[in-house]
Amino acid sequence: MIEIKVINKGHHPLPTYATAQSAGMDLRACTDGPVTLRPMERRLIGTGLYIALPEGCEAQIRPRSGLALRHGITVLNSPGTVDADYRGEIMVLLVNLSAEDFTINDGERIAQMVIARHEQGRFAVVEDLGDTERGTGGYGHTGVK
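Residues numbered from 1 in each chain as written. Predicted model: local features only at pLDDT ≥ 70, side-chain atom pairs only at ≥ 80, totals over all residues. Heavy atoms only, no water.

A. Representation of unusual backbone geometry within the structure. Omega for the peptide link from Ser78 to Pro79 comes to -10°, which places this bond in the cis form. The backbone of Met40 shows a phi angle near 65°, a positive value even though the residue is not glycine. Residue position: Met40 is located in the loop between strand 3 (35-37) and strand 4 (42-52). (Helix = DSSP H or I, 4+ residues; strand = E, 2+ residues; numbered from the N terminus.)

What follows is the structure, encoded as structure tokens:
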């Protein structure tokens, strides 16, 4: 388990895992009142949470499947990345992809946060990448089965 330092400037409990096998913790909206997203409108929604992740970790902000399925609400830059050196408020960029207004209420679960380890890469300039079975086959290269 990775320890995450947190400051909660909001008025909701800290995110928790719903089950022992859950990958993500639900993030809640921390607003002064209801926020209505019109169709195709996008808006940053605060959570009141400020975190310090250990070096080599990131927090991924992902959509909640129920909001996406039932209301067409998703995280626009999914997954959003919170870097280990970021110290600002965790914000969620939501978009309403439906044809109807959607109201976000204070305390509503609006996204999931997944904590993940990562590596940084370093480019090595070469003249040849070597051969593979796939080669340069890109999108749809295997056809429809």
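B. Structural view of the pattern of salt bridges. Enumeration over the complete set of coordinates arrives at four salt bridges. Note that Arg109 is salt-bridged to Asp26, the shortest N-O span being 3.1 Å. With Arg109 in strand 10 (residues 109-117) and Asp26 in strand 2 (residues 24-28), this residue pair connects regions lying 83 residues apart in the sequence. Glu41 serves as the salt-bridge partner of Arg43, at 2.7 Å between the closest nitrogen and oxygen. Within the structure, one salt-bridge network assembled from shared partners comprises Asp26, Arg64 and Arg109. (Salt bridge = Lys/Arg side-chain N within 4 Å of Asp/Glu carboxyl O.)

C. Spatial organisation of the nonpolar core. Among the nonpolar cores identified, the biggest contains 26 residues, and Ile61, Val92, Leu94, Ile104, Ile110 and Met113 are the most heavily contacted of them. Among the elements of the structure, strand 2, strand 3, strand 4, strand 5 (57-62), strand 6 (73-75), strand 8 (89-96), strand 9 (102-104) and strand 10 are those that each provide at least two residues to this core. With four residues, the single largest contributor to this core is strand 10. (Core = buried A, V, L, I, M, F, W, Y, C linked by side-chain atoms within 4.5 Å. Buried < 20%, exposed > 50% of the residue type's maximum accessible area, 1.4 Å probe, protein only.)

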